[in-house]
Amino acid sequence: MRHARIRNLLGAYHDGELRGALRAKVENHVRTCRGCREELAFLRKLDDLPQPFPEIRAEDRYWASFAGRVRRKIEAQAPGAPSIEGREAEMFKDSFVRFEGGFGLKALIFPLSVATHAVLVLMLVVLPLLKSGNPPRVEVYSAFLAPPAPPPPPPPPPAKKRSSSQAKTRIKPVQAQSMSAAGKLVAPVEIPDAIAEEALSDIGVEGGVEGGVEGGVVGGVLGGVVGGVLGGVVGEVEAPVRAIGEIKPPKLIKQVDPVYPEIARQARVEGIVIIEATTDIYGRVQSIKVLRSIPLLDQAAMDAVRQWVYEPMIINGRPRGVIFTVTVRFQLK
């Protein structure tokens, strides 16, 4: 332990405040250090000197006469000055802290103040609830309410009759001399001034006939089938194939967007309707079946898919119908 620290502990050692190992260390150091022994001896001499103490007055008498002694001392130092009572009143006349009575009045005002604040808070909470106004109008739509049926398609326009004026003004074909030999391609020698009109055949009726097929022949063909195709077999109708595996869904050629039902728009209904469609050999949608239903949107989806046209599916050189699934998305904007 350092000498300076031992020297600082000499006073505590002399007063008997050190205990245990620390006291033993100080004693060992004092035996070997002459300066510390001299300082410890000096402290012991100071304790032996007589010290006069003033007489201790009685506690009660001293404090009982304290105010009078202070007043007399002040009056003695400032003769002619106002009394101590006047000075105290002048000193504390502007003080905000008053020690007068009135505890009963405060005890009455405090509960009244608490009750008033409680009433104000209650009014702030209850008044907005009392003036709620008219509740918003809620329109409930049943999910099982079917949309109205679409209007029937308009009737086809009547067939146009060829007017007599067009028959009279018909240009007669001109017999032109061919400058090419049979089976050979010959370059023209000179440019003609006018190109002769080709002869028009009278096959077909403008506007078609009722019950006719596009591309048909006037009067029909012996052994033909309505909707038949070139190379088909009379009376044979092949079942449509399902688009699975190597057979891919046909390519969409014509797409008609669905009409969003007004009842579904007001009810904020949206989603995806999944439909299984079957096309015929011409690529037109022949039949449909709803696989994933949304009641308010099913009819609009089916009406749109019925108008879609796909590229005809050719399998082994023959057209076939196809069964596949389509998705119709309805999304509010």
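Above: the structure in question.
The shown structure was predicted, so the numbers you read here are calculated from the model rather than taken from an experiment. (Residues numbered from 1 in each chain as written. Predicted model: local features only at pLDDT ≥ 70, side-chain atom pairs only at ≥ 80, totals over all residues. Heavy atoms only, no water.)

## Here we look at the environment of Ile-272
Applied cut-off: Secondary structure elements are defined from DSSP: runs of H or I of at least 4 residues count as helices, runs of E of at least 2 residues count as strands, and each element is numbered from the N terminus. Classification of residues uses two cut-offs on accessible area relative to the type maximum, computed with a 1.4 Å probe and protein chains only: under 20% is buried, over 50% is exposed, and between them is partly exposed. Contacts are assigned to residue pairs with any non-hydrogen atoms lying within 4.5 Å of each other.
Along the chain, Ile-272 falls in strand β3 (residues 271–279). What makes Ile-272 partly exposed here is its relative accessible area of 22%. C-alpha of Ile-272 to C-alpha of Ile-294: the two residues are 22 residues apart in sequence and 7.8 Å apart in space. Ignoring sequence-local partners within four residues, the contact set of Ile-272 consists of Arg-292, Ile-294, Thr-327, Val-328 and Arg-329.

## Quick word on a negative patch on the surface
The condition that has to hold: Think of a patch as exposed residues, more than 30% relative accessible area, with no salt bridge, where like charges cluster within 9 Å and nonpolar side chains (Val, Leu, Ile, Met, Phe, Trp, Tyr) cluster within 5 Å. Surface accessibility in these figures is a Shrake-Rupley result with a 1.4 Å probe; residues are shielded only by whichever protein chains are displayed. The term salt bridge refers to a pairing of a side-chain nitrogen on Lys or Arg with a carboxyl oxygen on Asp or Glu at a separation within 4 Å. Charge counting follows a simple rule: Lys and Arg are positive, Asp and Glu are negative, and His as well as the terminal groups are ignored. All charge positions are set by atom: Lys at NZ, Arg at CZ, Asp at CG, Glu at CD.
On the surface, a cluster of negative charge is contributed by Asp-15, Glu-17, Asp-47 and Asp-48. You can call Glu-17 exposed: its relative accessible area is 57%.

## Re the sheet that holds strand β4 (residues 285–292)
Heads up, the condition is: Strand pairing requires that DSSP identify at least two bridges connecting the strands.
Pairing within the open sheet is mixed, and its 4 strands lie in the order β1-β8-β3-β4. For this open sheet the edge positions go to β1 (241–242) and β4, each flanked by a neighbour on one side alone. Bridging between β3 and strand β8 (residues 322–330) involves 8 bridges; their strand directions are antiparallel. Opposite Ile-275, over in β8, you have Val-326 as the bridge partner.

## Focus: the pattern of salt bridges
Evaluation of the coordinates by the stated rule reveals 7 salt bridges. Note that Glu-276 is salt-bridged to Arg-242, the shortest N-O span being 2.9 Å. Of this pair, Glu-276 sits in strand β3 while Arg-242 sits in strand β1, and the two are 34 residues apart along the sequence. The shortest N-O distance in the salt bridge between Glu-276 and Lys-289 comes to 3.7 Å.

## A look at the nonpolar core
Put simply, the rule reads: For our purposes a nonpolar core is just a set of buried Ala, Val, Leu, Ile, Met, Phe, Trp, Tyr and Cys residues, chained together by side-chain atoms within 4.5 Å.
In this structure, Ile-275, Val-305, Trp-308 and Phe-330 are the most contacted members of the largest nonpolar core, which totals 25 residues. Within the residue set of this core, elements represented by two or more residues are α10 (262–266), β3, β4, α11 (298–305) and β8. When residues no more than four places from it in sequence are discounted, the contact partners of Phe-330 are Pro-258, Val-259, Tyr-260, Pro-261, Glu-270, Gly-271, Val-273, Leu-297, Ala-300 and Ala-301. Among the nonpolar cores identified, the runner-up in size contains 11 residues, and Ile-6, Val-30, Cys-33 and Cys-36 belong to it.

## Here we look at α11
Counting buried positions along α11 gives 6 out of 8 residues, so the element sits mostly inside the fold. Buried residues along α11 sit in contact with β3, β4 and β8.

## Let's talk about unusual backbone geometry
For Arg-268, which is not glycine, the phi dihedral falls at a positive 55°. Look at Arg-268 and you get exposed, because its relative accessible area is 60%. Its identity as a non-glycine residue notwithstanding, Asn-316 has a phi of 55°, on the positive side. Residue placement: Asn-316 occurs in the loop between β6 (313–315) and β7 (318–320). By relative accessible area, which is 77% here, Asn-316 ends up exposed.

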